[in-house]
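Residue-level listing of the chains:
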Amino acid sequence: MGNITQGVWPESKSFNDEGMGPVPTRWKGFCESEGGVRCNRKLIGARYFYKGRNAAIGPNTTELSARDTNGHGSHTLSTAGGSFAPGASIFGYGNGTAKGGSPKARVAAYKVCWPDGCFSADILAGIDAAISDGVDVMSLSLGGTGMIDYSTDVIAIGTLTAVSRGISVVASSGNNGPAAFTSSNVAPWIFTVAASTMDRDFSAFVILGNNKSLKGTSLSDKALPAGESCPLIFGDDAKTANATTGNATLCLPGTLDPIKVAGKIIVCLRGGGMARSDKGIVAANAGAAGMILANGQSHGNELITDPHILPASHISYTDGLAVLAYLNSTKNATASISPVQTELGVKPAPKMALFSSRGPNSLDPEILKPDIAAPGVNVLAAYSEVASPSESISDKRRTAFAIISGTSMSCPHVSGIVGLLKSQHPDWSPAAIKSAIMTTATTQANDKKPILDEDGKNATPFAYGAGHVQPNLAADPGLVYDLTTNDYQNLLCHHNYNISFIRSFGNASYTCPENFSISEFNCPSIAFPNLTGSATVTRRVKNVGSPGTYNVHVLAPSGISVVVEPESLSFTQPGEEKIYKVTFNPAVNSTEQKDYVYGQLMSHPTPL
C-alpha cells in the first residue's frame, strides 16, 4: 500500500513488523536512508521527491528525506495500513489499540509535499514511483480544487496510469465544504472520499455562573481545579488600547491586554484566518486561565477537537450566543470548564463534516462525486515526534499519536478497506472494488434515521456519495458495476482530448467510438444535471456472488417516475454479466423543480 503525502515516522509503533514474513519478491521499492529512515518488513518503502519544488521556487533548505516532520504522512499511512499498536492515545484520551484498515498490509511512503507546498512534478514523480515499485493500493490524502481539466490534472493523469495497471486509487474529496461544486479528485477512476463524524466525542462542558451547562469539545491536557469558577471576559473587552474590536474578538496575536485577561476565562470567536489552537496559545500567553472558543454563524454547529495548551472548550454558534447573552446580563460573569471526558456510543453518528467538500462533480456532473463517506473527524493515529500535536511551532509538546480531522483522514480509512478487499478478491478490478464498497454503503445513522449534515438537515449524495462505508458488507456485494481502461478512454474522447494523449493510457490502437453518452458510463450511480424530459440509461452488472435472482426495488426521486427493465435478473455463474435499463420521466410540473432530488435502486438476491 503506497501513501502519497508527507513522509513517515518509521519508529512509530504503528509500523512495527512483528509477526510479518519476508518482503514479497515482486516488490521493487526501497528505502532512502537520509534522515535516519530505516525500513523493516512492515514499512517496505520510503522515498522523497523534491525536484519539482526546487525548480519552482529554488533550493530546498529543509532536510531532504522521507521522514515525516509534520505528522500528516504518518497519520494517514497508519490509518490505512498501520500494525496493531497497543496503548495508543493522546494525553490519555482515546486510549486503546490503534490499527489501520489493513493491519497486515505492507506499507510504503512517498513524500511529495514540503513545508511550502506540494508541487505537480513531485506528485507525478511519486505516483510514477509507486506504480513502478509495485503497490496494490495508492492512497492520496491531497488534492487541488475541483475545476481542473483532466488533461492538466497531474493527479488524474498519474492515477489513470495506475488504475489501467490494476492499482486501486483512493483520494480525498477536499476540505472546502459545505459549498457545492467543491469536491476535488473528481476523475471517475479515482475513489473519492468525503469525511464524516464517528460515535465518539471528547467533551468539555462549559458551566456558566447562571448554572447553564454547554457541551463543547477539547483535547486539552490541562484542567481547571475541580469545581473552580473563574471570571469570564469577552475578547473585545480584553483588548489592548490599539487593537481593533474585530481582531480582539478573534483573539489575534497582540490584541489581548494581559492585565485584563490574567486569571480569567476568555471567550474568543473562531476564524480570522487563525488556527483554533493558536488562539489558545495567544490566550495563554496573555495569562488566561482558560478559553471558550465559540463558532461564528458560518461554522454553525461544527465542533473540532483540538489539543489546546490551556483548559478550553470549543462550542457551537448557538451556545456561543448563550455565553454572550450571559456576559451581557451581569457585571460579574463567571464560568468553569470541565475536564475532558471521552464519550462513546454518541448518537446520531455519523454526521457529515461541515468542511467536507461537496458535489456536484465540477467536470462531469453526470458522474456523482464524492463516491463514499468515511470517518474523518477526530481520528487518532500515528504522528511525527518532531511535530507538535497542535501543529503550532511554539507548542513544545510531542506525542506518538495525535487526533486530526479532514478528508485526509477519511481517505485512508477507505484505502485500508480496499486493501482488505484486494487480498480477499485479487481478481477484482479497481472499479469492481469501488462498486462493492459503494453499493453496500448506508445512508442511515446509528439512530436508524437519515445521515445528517452538521446543520441538522438531511445530508445528500453530494455530501456522502453512495453513503457511509460498511466494510464487512463490501466483501460480498453480490453484483458489481465494472469498468475497464477502454471505458475511461471513451470518457476522455467525450472531452475531445488529443487521441495520442488518450492512447497513452493503454491500447495504442484505440479509436474513439462514434457514439458515446456519458450517462451510459457504467458507474454505480446515475445523475442528471438537467432532466427536462424522458431519459433512459443502461447499466451492466457482473455477478461476483452465489447464484441468485435480483428483484429491483425503486425509491424514486420526488416528482420523477422511474421504470427499470427488466425488473428481475438471474445469475447462475460467477462472472456472468447482464444489462438493465432505467427510464426517468419528470412529472408534468417538473419545470417547478429547481434543485436536485434523490432516489435509490435496491435489490437483494434470492438464492436459485
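Residues numbered from 1 in each chain as written. Predicted model: local features only at pLDDT ≥ 70, side-chain atom pairs only at ≥ 80, totals over all residues. Heavy atoms only, no water.

Asks: Please clarify how the packing of helix α2 (residues 72-81) against helix α9 (residues 407-424) should be interpreted in this entry.
Replies: Helix-helix packing is described using two parameters, namely the angle between the two axes and the distance between the axes. α9 packs onto α2 with a crossing angle of 30 degrees between their chain directions and a minimal axis gap of 7 Å. In terms of orientation, α2 lies roughly parallel with respect to α9. Where α2 crosses over α9, the two elements pack in a sense that is right-handed. Mapping the contact onto sequence places His-72, His-75, Thr-76, Thr-79 and Ala-80 in α2 and Ser-408, Met-409, Pro-412, His-413, Ser-415 and Gly-416 in α9. Looking at the contact of α2 with α9 residue by residue, the classes come out as 3 nonpolar, 8 polar and no charged. (Axes fitted to C-alpha atoms, helices over the stretch in contact; angles between N-to-C directions. Helix = DSSP H or I, 4+ residues; strand = E, 2+ residues; numbered from the N terminus. Parallel < 35°, antiparallel > 145°, perpendicular 65-115°, else oblique. Left-handed = near helix turned anticlockwise from the far one by under 90°. Contact = heavy atoms within 4.5 Å. Nonpolar A, V, L, I, M, F, W, Y, C, P; charged D, E, K, R; others polar.)

Asks: Mind showing me how you'd approach empty space enclosed by the protein here?
Replies: Over the atoms, a rolling probe the size of a water molecule traces out where space has been left empty. For the structure on display, the rule yields 2 cavities of 30 Å³ or more. By volume, the largest cavity is sized at about 100 Å³. What lines the largest cavity is a set of 15 residues, and nearest its centre among them are Pro-188, Lys-434, Leu-483, Cys-523 and Pro-524. Empty space within the second largest cavity amounts to approximately 60 Å³. Together, Ser-168, Val-169, Val-170, Trp-189, Phe-191, Val-418, Pro-430, Ala-431, Ile-433, Lys-434 and Tyr-488 line the second largest cavity. Of all the secondary structure elements, the ones that give two or more residues to the lining of the second largest cavity are β9 (168-172) and α10 (430-439). Looking at the lining of the second largest cavity residue by residue, the classes come out as 9 nonpolar, 1 polar and 1 charged. (1 Å grid on protein atoms, 1.4 Å probe; cavity = no way out; pocket = protein on both sides within 12 Å on 5 of 7 lines; lining within 4 Å. Points joined across faces, edges and corners; volume = space filled by probe spheres on them.)

Asks: Looking at this model, I keep getting lost on the nonpolar core. Mind explaining?
Replies: One recurring pattern in soluble globular proteins: nonpolar side chains tend to sit buried together. Membership of the largest hydrophobic core comes to 46 residues, with the highest contact counts inside it found for Tyr-110, Met-138, Leu-140, Tyr-150, Trp-189, Tyr-488 and Leu-492. The element contributing the most residues to this core is helix α4 (residues 154-164), with 6 residues. The contact partners of Trp-189, leaving out residues within four places of it in the chain, are Tyr-150, Ala-156, Thr-159, Leu-160, Val-163, Val-169, Tyr-488, Leu-491 and Leu-492. Ranked by size, the runner-up nonpolar core spans 31 residues in total, among them Tyr-93, Leu-219, Cys-230 and Val-323. (Core = buried A, V, L, I, M, F, W, Y, C linked by side-chain atoms within 4.5 Å. Buried < 20%, exposed > 50% of the residue type's maximum accessible area, 1.4 Å probe, protein only.)

Asks: In this structure, what is going on with the sheet that holds strand β29 (residues 568-571)? I would like to understand it.
Replies: The strands making up a sheet associate through hydrogen bonds between their backbones, and the pairing can be parallel or antiparallel. Within the open sheet, the 3 strands sit side by side as β29-β26-β32. Their pairing is antiparallel. The open sheet has two edge strands, β29 and β32 (605-607), and neither has a second partner. The sheet shows a mean angle of 25 degrees between the axes of neighbouring strands, taken without regard to direction. Here strand β26 (residues 548-551) runs beside β32; their pairing, made up of 3 bridges, is antiparallel. By the bridge assignment for β32, Tyr-550 is matched with Pro-605. (Pairing = 2+ DSSP bridges.)

Asks: What should I look at first to understand the side chain of Asn-543 in this one?
Replies: Within the element layout of this structure, Asn-543 appears in strand β25 (residues 535-543). Owing to a relative accessible area of 1%, Asn-543 belongs among the buried residues under this scheme.

Asks: Looking at this structure, how should I read the state of the cysteines?
Replies: Put plainly, two cysteines are in a disulfide when a covalent bond ties their sulfur atoms together. Applying the stated rule across the entire model yields 4 disulfides. A sulfur-sulfur separation of 2.0 Å characterises the disulfide bridge that pairs Cys-113 with Cys-118. On the sign convention where negative is left-handed, the bridge of Cys-113 and Cys-118, at about 110 degrees about the S-S bond, is right-handed. Sequence-ordered numbering of the disulfide-bonded cysteines in the chain gives the connectivity 1-2, 3-4, 5-6, 7-8. (Disulfide = S-S within 2.5 Å.)

Asks: It is not clear to me how helix α13 (residues 485-494) should be interpreted in this structure. Could you clarify?
Replies: Within α13, 8 of the 10 residues are buried, which leaves the element mostly enclosed by the surrounding structure. Restricting attention to buried positions, one finds in α13 the residues Thr-485, Asp-487, Tyr-488, Gln-489, Asn-490, Leu-491, Leu-492 and Cys-493. On its buried face, α13 sits against α4, α10, α14 (499-503) and β25. With its phi angle positive at about 60 degrees, Asn-496 sits one or two positions after the end of α13.

Asks: Even after reading the chapter, I still don't get the side chain of Asp-68, so can you show me in this structure?
Replies: Here Asp-68 shows up in the loop between α1 (51-57) and α2. Comment: no salt bridge for buried Asp-68; closest opposite-charge side chain is Lys-111, at 6.4 Å. For Asp-68, the side chain forms a polar contact with the main-chain nitrogen of Asn-70, separated by 3.0 Å. When sequence neighbours within four positions are dropped, the list of residues in contact with Asp-68 reads Gln-6, Gly-7, Val-8, Trp-9, Gly-73, Ser-74, Ser-384 and Val-386. (Lys, Arg positive; Asp, Glu negative; His and termini not counted. Salt bridge = Lys/Arg side-chain N within 4 Å of Asp/Glu carboxyl O. Polar contact = N/O pair within 3.5 Å; in protein donor to acceptor, adjacent residues only side chain to side chain.)

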